[in-house]
Amino acid sequence: MAMIKITIDGHPIEVEEGSYVLDAAKKLGIEIPTLCHYPHMVPYAACRICSVEARDGKGWTKIVTSCNYPAWDGLEISTDTPRVLNARRMNLEMLLSRCAPIPVLQKLARQLGIEKPRWGLGEDTCILCGMCVRVCDEVVGAHALEFSERGIFRKVATPFEEESGDCILCGACAKVCPTGHIVMEDIEQREIIHDEITLGPNAAISIPTRQAVPNVPVINTEYCIHFNTGGCKVCSMVCPKDCINYEDTEQYEDIKVGTIILATGFNAFDPSPLKQYGYGRYSNIITAEEFEMMNNASGPTGGKILLANNKEPHAVGIIHCVGSRDTNAHPYCSRVCCMYSLKLAHLIKERTEAEVYNFYIDMRTPGKGYEEFYERLSNEKVHFVRGRVAEVTDWAMTPEEEDRLVIRVEDTLIGMVRRIPVDMVVLSIGLEPHKDAEEVRRLFNISCSSDGWFLERHPKLGPVSTFTDGIFIAGACQGPKDIPDTVAQAGAAAAEAMVLVDKGVVELEPNTAYLTEEFCSGCKTCIPLCPFSALSFNVEKKISAINEALCKGCGTCVAACPSGALQQNLFDDEQIYEEIKGVLNYV
Amino acid sequence: MSDSSMTNNSFEPRIVAFFCNWCTYTAADLAGTSRMTYAPNARVVRLMCSGRLDPQFVLAALREGADGVLIGGCHPGDCHYQEGNYKALRRYKLLKMLLRKMGIDDKRVRLEWISASEGDRVQAVMNEIVEDIRKLGPLHLESWKYQGNLAAAQELSDAIKGVAYV
Amino acid sequence: MNAERISSPRDLDELRKRIINQRQENKTIITICAGTGCLACGCEPVASAFKTALQQSGLDKEVEVRTTGCHGFCERGPLVVIQPQGIFYQRTKPSDVKMIVERTIKKGELVDRLLYRDPQTNEVIVHEKDIPFYKRQMRLVFGKNGFMDPTSINDYIALGGYQALARALTAMQPEEIIDEVKKSGLRGRGGGGFPTGKKWASCRKAQGSPKYVICNADEGDPGAFMDRSLLEGNPHSVIEGMVIGAYAIGSNDGYVYVRNEYPLAVKNLSIAIKAAREHGLLGKDILGTGFGFDIEVSRGGGAFVCGESTALMASLEGRTGEPRAKYIHTVDAGLWNKPSNLNNVETWANVPLIIERGADWYAGIGTASSKGTKVFALTGKVNNTGLVEVPMGITLREILYGIGGGVPGNKKFKAVQTGGPSGGTLIVEREWQLDQKKAPQYKSIPKDEEAMSLIDLPVDFEELTRVGSMMGSGGMIVMDEDSCMVDVAKYFLNFLQEESCGKCLPCREGIRIMLKILTRISEGAGKTEDIALLEEMSRAIADTSLCDLGRSAPNPIMSTIRYFRSEYQAHIIDKRCPAGVCKELVSHAIDNNCNGCHACFKPCPTDAIIGTIRQLHTIDQDKCIQCGACYQICKFDAIRRVKRGEGGEIQRKAQEVWKPKTKTQPAAMA
């Protein structure tokens, strides 16, 4: 479109031909009031408040609405002549006669100098600006709202004034409504369902976590209006670099690497199979992870520790070793739970007035400052009960146990079985390998220990490398550990991986197979045996050939060769025979 | 002719163990570092993979005076070299047939899958096999009169090798 | 005659010759007006009575009964005109038919009773063309209406129809046609008065395809029925005009948007379209020229605002009929955002005349700025109501007196409203004026400056706009001294409030508030600043409304204030309605003109009339609801409409001076 010159209030400006006067005025910093204008939507021109006077310099003049008047070369606009101001004032007074004193209208009235509207004030909070209808139509694409009736009976409504099935509850109409006539209503008084708590707002487009790599926003297609109705796309309209790509999909990429570090982490133990703790049966029995979600300031409770009925607990019990040190679950100690249980106890003490009970078997507090922290908690009057919790029940036996959860535990230090009534139970769940750890380790050709953690090359001397060269492991996938240890191990794995990468060359196994060509009969027995395709048939020579770079040195082909033409370095038939002789001769 | 089943409790079997480097050998290592004790009767020959095991090695071991042979490899699917242990299994099955034909008690040769972390398994298997062989008594294969058959057995063994990869 | 496709202009000529040859020259044709007005008066029984009577007399082969479109003289329907003589029978009933057949058809004698008698000269006029109502008209657009059956394309062809189309498609280029229309000076007849040729040229030049040609038959003005009668009576003229226009502009798709309340128009139009298609005058390959154009009829949903071009196009597209800003013209982006040319029914009907007879001929009719004729719907307080087609520039006097035949009863003309709710009320007499000599209570009300009679105003686009009204679509409502101007303004504002689409603030809220103020004034609660307030509001509403409905909404108020300010002030200051219409400000009273005829007794809905025959009657002031029924019926001018509260005084005075109007004393009647 061609660039043309127009003047607004005497100020010249160059704009695209056909662009709207309101936008040009904005560029010049001239404010023209509006009531029904919204960026990224087609101008509606219903409120007429943005009226300005247009002239051609030759005597022609007309009052036009600046929001949708297309600019032409030589156009002169005046935004504040008496005629324009009178028209604006009159329109606003007429609107006020029907509408309640809503802030947006009062502000405009002040701007235009209306002190006492001539026809008084009305009661309607809808100014019929049409923004809700337009956003639902043009941007969201749900088409759930429309104007109905004509003239003075005009109003915004859903079809037949019934609850619309097309409404996708996006809240766009409430957001654009300038008067607050449309509000989002919470139609259910929900109770807190602890295991449904998620962190942060469920925005349709947001940076997933603060540490996300790359640190850019991602569209959550479940909540995004565009993926629901095909409309909106406001994000791509405002993005200055045009980065939004709605067609992006998951893609599989083949990346050639030299070394791999597996840092796949752990899975939190699900205490549901341990029926005695009542998880999933009673409300207010939550895992430590769920507790942390609730405790987070960006969660739904704003960081408050609340029971399902929105009240604060008077007593909280924290049960250690759930899923750890347990023959019915995992026999090993998960290493981190004691410390985080103490942390939770401390948090609860800080945030609420509740009594806190920690039920432990042994208090495992290695690490810097850990034991001191434990001391501190004892001084904070946290109750430490040494004993395994037998069960958590809601079956009350005394009046003070009514409507509460009761923890039945043997307190071994005083040698008594106790029933302790609490309002909330936090289960300190252990760490376990991911469900798919087996698949992952097969993929990388490494081993797992009996517990399912990835196997390191040597328990003492090779904590980050595996039996497969080039594959390293770090973090909780190798075994339960806390953050400082993980960080250390990660550094180690990175360093070792870098060594390989740095070297640039790979040492081949020395124990590869080799062929003595004279002995080879060309029977081809060996060729299909090699899983690494290191054997091939040389058609000219009519014998086998070995690719030494591919050979991993398993020796399978050697064992199969009828003529003994194939032999394995370091593991020749001769050598092994001698070895056998040797070990048996040693009496 | 069957071998003489002399039950002699003071008899200490001599067992050769062919262990694959990655799994069973490491497991034995683990058993060692974990201070697990087991019968010392086995002598370990390390192979890179149980697939390296030529059935002739077993026969050679028996010929040289072993009373039993233990073959140790990775669990199926876990072979460091993908499929070597499968081949070992096939060869082992055919070998057992051969031994029976030869009149050797096939319980003397045993294949076990032991993974790298199963140090306790090494201990268990070792103890077991020693007891089993002890019950069976010494083999004394070198004193067998059927030398001729041994040569035939060796020929048969070669034939097995050819079939092993099918 | 079976439908045969006409594939060239020569074919058309030959078809015409054949039709004419097949028809007897000078055959007696009984034309019966079958427009909606006459249908309502009962012309169908008349038509069937004719058919039966002719059959019975064995004359059904010699004499043709033809129902035609509207003749225009709606006041006198059902109309029967016997051709070729042109004998004009009015207010015909089925019972008259036999006599007509016996006397006029068979013997050539006249039935006096049914002939037209001029109410002013008392003269009996036999032939249609001599009747002043018709004589002073220039029936060009409506020229064929009385002679053809609208459902017969042969009638239209026989009368010369589609010749213009043949010429345009085969002997003229599109640009030539546009130039011809430009030269003729034809201006839009729908109300805007935009030069038609200029519009066509813009549409032709516009970028975009396909282009659309639309006929606006929404005719929403109250009291306007010109387009209806045209579509009912001669739909082919409109079709012909549209095809010519489409050819000139380069369009192949046409729409006629008819308001839903015109079923007969839709029916006749659809029949005409079908016949035209069958004859190859519409649809593919028109007249064998390769040019294709077809028309679809679309019906409105009952909204006055859909007469506005952008709202009409929205409605055609299936969206809500709401206007949009016309900063981008519809000729550039209209229907489905494509270049669209919208014209009124009457405008389209003018096109074949221009092409057939030439732009110079057309430009010779009318004034310098307004060429050709205009059809007006003359209604209200005038003797000859109906449709009149007059050349532009004719004076109001000629229309009201010459054609209209003056005011019925002893009343005086007061005002003429033109242009419907968007137009204005013009003062046409002075005598009604608040005579301050006669009514001293009006001394406080200043004289109207502008209240000079406009009876001699020449009627054309510019003149009407100059005096504060507009041509509009052609509605002309005549008012006499019994019409209250405040009430008239209120009526139109009420209409506009109902029909406003409600999209823009000034129209939706402004009309509502102005109506409230007017209602207050008419109820006696007016304030002195109200007139100034109305003027101020009108300026703002006219400036900022989105479409012409809102922009011209203040016109009724502004024009009535301009010419009848004193009447407003009478309402406000004096709390009095001089015309006696505004109920809260009026009392009905019987003065001593009453002669006891008892005619007002029955019509009174609240039994407020007290009186016995031949005695002075009185109106019970408490029961009276000011409906005015007694006023309408009293032939002796005895009912007075006075300021509220003064009725009792009048009736008391009447009681004192009243004497019976006959010499003899009345017999005592129960």
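A quick note: this is a predicted structure, and the numbers were derived from the prediction, not measured. (Residues numbered from 1 in each chain as written. Chains lettered and ligands numbered in written order. Predicted model: local features only at pLDDT ≥ 70, side-chain atom pairs only at ≥ 80, totals over all residues. Heavy atoms only, no water.)

1. Focus: the overall build of chain A
Of regular secondary structure, chain A possesses 14 helices and 25 strands. In summary, chain A has a C-alpha radius of gyration of 38 Å against a globular reference of 25 Å for 587 residues, an excess of more than 25%. Projecting the C-alpha coordinates of chain A onto the three principal axes gives extents of approximately 125 × 90 × 45 Å. Each of the 587 residues in chain A was classed as buried or not, and the buried ones make up 46%. Contacts spanning at least 24 positions in sequence make up 57% of the contacts within chain A whose residues lie at least 6 apart. On chain A, roughly 32,000 Å² of surface is accessible, and the fraction owed to carbon and sulfur atoms is 53%. (Helix = DSSP H or I, 4+ residues; strand = E, 2+ residues; numbered from the N terminus. Rg over C-alpha atoms; globule rule 2.2 N^0.38 Å. Buried < 20%, exposed > 50% of the residue type's maximum accessible area, 1.4 Å probe, protein only. Contact = heavy atoms within 4.5 Å. Areas by Shrake-Rupley, 256 points an atom, 1.4 Å probe, with all protein chains shown as cover.)

2. With respect to the packing of helix H7 (residues 163–171) of chain C against helix H14 (residues 345–357) of chain C
Residue and element names in this part refer to chain C. Where H7 meets H14, the axes come as close as 8 Å, and the angle between the chain directions of the two elements is 65 degrees. Judged by the angle between their axes, H7 and H14 are roughly perpendicular. Pair H7 / H14 crosses with left-handed handedness. Every residue of H14 that contacts H7 at Gln 163, Ala 164, Arg 167 and Ala 168 is listed here: Pro 352, Ile 355 and Glu 356. Taken together, the residues of the contact of H7 with H14 break down into four nonpolar, one polar and two charged. (Axes fitted to C-alpha atoms, helices over the stretch in contact; angles between N-to-C directions. Parallel < 35°, antiparallel > 145°, perpendicular 65-115°, else oblique. Left-handed = near helix turned anticlockwise from the far one by under 90°. Nonpolar A, V, L, I, M, F, W, Y, C, P; charged D, E, K, R; others polar.)

3. Regarding the interface of chain A and chain B
At the interface, 39 residues of chain A touch 38 residues of chain B. Taken over both partners, the interface formed by chain A and chain B buries close to 3,300 Å², and the fraction arising from carbon and sulfur atoms is 61%. Considering only the side of chain A, the residues that lose the most area to chain B are Phe 467, Ala 559 and Leu 584 of chain A, jointly responsible for 18% of the buried surface there. Where chain A meets chain B, there are two salt bridges. In this structure, Arg 441 of chain A and Asp 78 of chain B form a salt bridge, with 3.2 Å as the shortest nitrogen-oxygen distance. Scanning the region where chain A abuts chain B turns up nine residue pairs in polar contact (both at pLDDT 80 or more). (Buried area = accessible area lost by both parts, 1.4 Å probe. Salt bridge = Lys/Arg side-chain N within 4 Å of Asp/Glu carboxyl O. Polar contact = N/O pair within 3.5 Å; in protein donor to acceptor, adjacent residues only side chain to side chain.)

4. Re the sheet that holds strand S4 (residues 109–113) of chain B
The sheet built from four strands is open, its strands ordered S2-S1-S3-S4 (chain B) with parallel pairing. The open sheet has two edge strands with one neighbour each: strand S2 (42–47) and S4 of chain B. If you compare each strand with its neighbour and ignore which way they point, the axes differ by 20 degrees on average. Taken together, the six bridges between strand S1 (residues 15–20) of chain B and S2 of chain B define a ladder with parallel strand orientation. Paired with Ala 17 of chain B across the two strands is Val 44 of chain B, which belongs to S2 of chain B. Packing against the sheet, helix H14 (residues 573–585) of chain A makes contact with S1 and S2 of chain B, and its axis sits at approximately 165 degrees to S2 of chain B. Sheet strands in contact with helix H3 (residues 84–102) of chain B are strand S3 (68–73) and S4 of chain B, and its direction is about 160 degrees off that of S4 of chain B. (Pairing = 2+ DSSP bridges.)

5. Comments concerning the domain arrangement of chain A
Split by domain assignment, chain A resolves into domain 1 (3–111), domain 2 (269–432), domain 3 (437–503) and domain 4 (513–584). Look at where the C-alpha atoms of domain 2 of chain A and domain 4 of chain A centre, and you get two points 62 Å apart. (Domains from an automatic or database assignment.)

6. As for the nonpolar core
Nonpolar side chains tend to gather and get buried jointly when the protein is soluble and globular. Judged by nonpolar contacts, the single largest core of 113 residues is most densely connected at Ile 6, Leu 92 and Leu 105 of chain A together with Leu 518, Met 537 and Ile 557 of chain C. It is helix H19 (residues 505–522) of chain C that contributes the most residues to this core, nine residues altogether. Excluding residues within four positions of it along the chain, Leu 105 of chain A makes contact with Leu 35, Leu 92, Leu 95, Leu 96, Cys 99, Ala 100 and Ile 127 of chain A. The next biggest cluster of nonpolar side chains, apart from the first, holds 74 residues, and it includes Leu 230, Val 331, Ala 359 and Tyr 362 of chain C. (Core = buried A, V, L, I, M, F, W, Y, C linked by side-chain atoms within 4.5 Å.)

7. Here's the deal with a nonpolar patch on the surface
A surface patch of nonpolar side chains, about 320 Å² in accessible area, is lined by Leu 413, Ile 414 and Met 416 of chain A. Looking at the element boundaries, Leu 413 of chain A is found in the loop between strand S17 (405–411) and strand S18 (416–422). (Patch = residues over 30% accessible without salt bridge, like charges linked within 9 Å, V, L, I, M, F, W, Y side chains within 5 Å.)

8. Section: the pairing of strand S10 (residues 340–344) of chain C
Residue and element names in this part refer to chain C. Of all five residues that make up S10, five are buried, and the element is covered over most of its length. Burial of S10 is two-sided: the residues Ser 340, Leu 342 and Asn 344 facing one way and the residues Asn 341 and Asn 343 facing the other way are all buried. Pairing between strand S7 (residues 212–217) and S10: five bridges, direction parallel. The partner of Val 213 across the bridge, within S10, is Asn 341.

9. Brief notes about the packing of aromatic side chains
Aromatic ring pairs are described here by two measures, namely the spacing of the ring centres and the angle between the planes. Evaluation of the coordinates by the stated rule reveals 26 aromatic pairs over all chains. Between the aromatic rings of Tyr 357 of chain A and Phe 359 of chain A, the centroid separation amounts to 6.3 Å while the plane-to-plane angle is 15 degrees, which identifies the pairing as stacked. The exposure classification of Tyr 357 of chain A matches that of Phe 359 of chain A, with both residues buried. Between Phe 73 of chain C and Phe 133 of chain C, the aromatic rings sit 4.1 Å apart at their centres with planes inclined by 15 degrees, giving stacked as the arrangement. Taken as a pair, Phe 73 of chain C in the loop between strand S2 (64–68) and strand S3 (80–83) and Phe 133 of chain C in helix H5 (residues 132–135) lie far apart in primary sequence, 60 residues in all. (Phe/Tyr/Trp six-rings, centres within 6.5 Å; stacked < 30°, edge-to-face > 60°.)

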